[in-house]
Structures are given as structure tokens and as C-alpha cells.
Amino acid sequence: MEFSSTAQALPSSQTTAGDAGRIVFPAPAIRTLGLRPYEPTWRDMQSFTVARDADTRDELWVLEHPPVYTLGLASREEHLPRMDNAIPVVKTDRGGQITYHGPGQAIVYALVDLARRGIKVRDMVCLLEQAAIDLLAAHGIAAARKSGAPGVYVLQDTRDKEPGAKIAALGLKVKRQGCYHGISLNVDMDLAPFAAIDPCGYPGLAVTSLCALGVKADVEAIGVELARRIADSLDKHAVETCR
């Protein structure tokens, strides 16, 4: 597997001794890949997952993509782009429906051996969502899950009962007991391409970003922060029970 010349592995915390009888794994490797085309990255995730064995270290890839619409396995024709805006459409093997990726969006792909860590798929979804919720809270943005609609949604007020605009989307593929794909967080990007589709299959779904909410931040720095939160949760087995 080859990475672009901008790829670099970031230092991650070393495995520490756990409680008696608890199996402790190496901390996931965090790799920054810069701006990278979608399809080669997807194929690299597939190759990594097929080639990995019981001793392969988990990895978290931090990157951005050039403009692209990606279709999940549940995608329906009525949700596809309603105009020709020259943005390519790629049918993928992840769960979920259609979404948009583009520069200014922090993506973390999670290549994790779920069976080795004893994590169920739904728990992994919750872990990714919670990492994004905690990151947003650290930047002064209240956010939450939405029942029946995976992802992270902002709250205009902590007293709000219904989440509002979507700020992070996610989808996973599980193969050979491991997962790949991951989570995307809108940081400072052009949101207009979302208007041509039904984001995640929901007509009229509002989307937002950190920048639109008044938070100015470096995209890669946010991606690394999100990856480190995911790594910490994996290392601590801190999987929140979904409600």
C-alpha cells in the first residue's frame, strides 16, 4: 500500500498496562494523508483490511478529499444529484446513503479490528459519534445524536430536544471482523454541493460546519484532534451505550 508524499504517522500514546486480566492493545497509528482522491483511498482501505492479520496495528487515517459524492449501499436514485455540477459520483461499499466530501472537511477513516477489541458495530458507530460530539463541545458547540439517523447534529441551545443541522456524517464497512471507512466532520468547506442531493437520504436536511458556526480552525488539526479522541476511546474501551 502506498501513501502520498504528504503522509506522515503521528506519535500516539504507547500502550499502558491495564487492569488485571484485561487485554491491552497497541494504540492505533494516526496517519495524516493530506488531500487525497477518494477512489484510491477506498481501495487502499480494502487492501489494508484484506491483508491485515491478528497482529496488525489498527490505524486512523486523517485526510480530505477533492469534491466527490459517495453512495452507500442503501442509496436510492431519488436522492442522487439533481443537477450536473461536474462533481463525480462514486458507488462505495460502506453503509448508509449519499453524502458529499470536499476540501475543508476533516475525514477520519477507522481501520479497526473490531473482534480483537470486542467492539460491536453499533458500539463503534456510537464511539465515532461521541468523539465528534466531545470535540465540538471542546470548541463551544453543543451537539447530539439523532435517533434513527446516524451522525452528529448541532443544538442551537443545550435545552433543545431536537437536533438541528448535521455537521458530521459516518458510515462503516465490516469485513473479516474489521471495519473501514469512518467519519467526516465539516470544518471550513463549501456547503453548496449538499443542496444538490438529499444528504444521507433525507430531503431538505440542513448541513453546517465549524466555520459557519463561528469557529475558525485548521482542517487537518481538527482531523488529528478527532482521530486522537477516537484512539483514546478505543484504547480505554470507552464505548458509550446508545440510547
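Summary of the structure given here. (Residues numbered from 1 in each chain as written. Predicted model: local features only at pLDDT ≥ 70, side-chain atom pairs only at ≥ 80, totals over all residues. Heavy atoms only, no water.)

1. Structural notes on empty space enclosed by the protein
How we decide: Computed over the protein atoms alone on a 1 Å grid, cavities are sets of points where a 1.4 Å probe fits but cannot get out and pockets are open sets with protein on both sides within 12 Å along at least five of seven lines; a residue lines them when it has an atom within 4 Å of a point. Grid points are joined across faces, edges and corners, and a volume is the space filled by probe spheres set on the points. By the criteria applied, helices consist of DSSP H or I runs no shorter than four residues and strands consist of E runs no shorter than two, each listed in order from the N terminus. Side-chain classes are defined by residue name, with Ala, Val, Leu, Ile, Met, Phe, Trp, Tyr, Cys and Pro counting as nonpolar, Asp, Glu, Lys and Arg as charged, and the others, Gly among them, as polar.
Evaluation of the coordinates by the stated rule reveals one cavity of 30 Å³ or more. Empty space within the largest cavity amounts to approximately 80 Å³. The set of elements that each furnish at least two residues to the lining of the largest cavity consists of strand S6 (98-101), strand S10 (166-175) and strand S11 (178-186). Of the residues forming the lining of the largest cavity, the biggest block, four residues, is contributed by S10. Broken down by class, the residue content of the lining of the largest cavity amounts to eight nonpolar, four polar and one charged.

2. Focus on the packing of aromatic side chains
Selection criterion: Only the six-membered ring of Trp is used, alongside the rings of Phe and Tyr, when aromatic pairs are assigned; centres must lie within 6.5 Å, and planes under 30 degrees apart are stacked while those over 60 apart are edge-to-face, with the rest tilted. Each residue is assigned to one of three classes by its accessible area relative to the maximum for its type, calculated with a 1.4 Å probe on protein chains only: buried under 20%, partly exposed between the two thresholds, exposed over 50%. Ring-over charges, as used throughout, are those where CZ of Arg or NZ of Lys falls within 6 Å of the ring centre and within 35 degrees of the ring normal.
All chains considered together, the criterion is met by four aromatic pairs. Considering the side-chain rings of Tyr 38 and Trp 42, the 6.2 Å spacing of their centres and the 40° angle between planes classify their relative orientation as tilted. Separated by four residues within a single helix, Tyr 38 and Trp 42 lie in helix H1 (residues 38-51), roughly one turn from each other. Each member of the pair, Tyr 38 as well as Trp 42, is classed as buried. Ring geometry for Phe 48 against Trp 61: centres 6.3 Å apart, planes inclined by 80°, an arrangement best described as edge-to-face. With Phe 48 in helix H1 and Trp 61 in strand S3 (residues 59-64), the pair connects residues that are 13 residues apart, well separated along the chain. Each member of the pair, Phe 48 as well as Trp 61, carries the same accessibility label: buried. Through a chain of ring-to-ring contacts, three or more aromatic side chains come together here, namely Tyr 69, Tyr 100 and Phe 194. Here Lys 146 stacks its cationic end above the ring of Tyr 153, 5.3 Å away from the centre of that ring.

3. Concerning the layout of surface pockets
In this model, the largest pocket occupies a volume close to 300 Å³. Looking at the largest pocket, it is lined by 24 residues, and the ones nearest its centre are Arg 94, Gly 96, Ala 169, Leu 170 and Gly 171. Taken together, the elements giving at least two residues each to the lining of the largest pocket come down to S6, strand S7 (105-113), helix H3 (121-138), S10 and S11. Residue composition of the lining of the largest pocket, by class: 12 nonpolar, nine polar and three charged.

4. Considerations on the side chain of Thr 41
Secondary-structure assignment places Thr 41 in helix H1. The class for Thr 41 is buried, based on a relative accessible area of 1%.

5. So, the pairing of S3
For clarity, the cut-off: What makes two strands pair is DSSP finding at least two bridges between them.
For S3, the buried fraction is high: six of the six residues fall into the buried class. Residues Glu 59, Trp 61 and Leu 63 of S3 are buried on one face, and the alternating residues Leu 60, Val 62 and Glu 64, pointing to the opposite face, are buried as well. Taken together, the six bridges between strand S2 (residues 29-35) and S3 define a ladder with parallel strand orientation. Bridging from a neighbouring strand, Ala 29 pairs with Glu 59 of S3.

6. Comments concerning the environment of Ala 206
Inspection of the secondary structure puts Ala 206 in the loop between S11 and helix H4 (219-236). When its relative accessible area of 43% is taken as the criterion, Ala 206 is described as partly exposed. The spacing of Ala 206 and Phe 194 is 12 residues in sequence and 8.7 Å in space, taken between C-alpha atoms.

7. A closer look at the pattern of salt bridges
What counts is decided by this rule: Just to be clear on terms, a salt bridge is a Lys or Arg side-chain nitrogen sitting within 4 Å of an Asp or Glu carboxyl oxygen.
Inspection of every chain in the model, using the stated rule, returns eight salt bridges. For Arg 117, the salt bridge identified is with Asp 58, shortest N-O distance 2.6 Å. On the criterion of sequence distance, the pair formed by Arg 117 in helix H2 (residues 114-117) and Asp 58 in the loop between H1 and S3 is long-range, its members being 59 residues apart. In this structure, a network of salt bridges that share partners links the residues Arg 52, Asp 58, Arg 116, Arg 117 and Asp 235.

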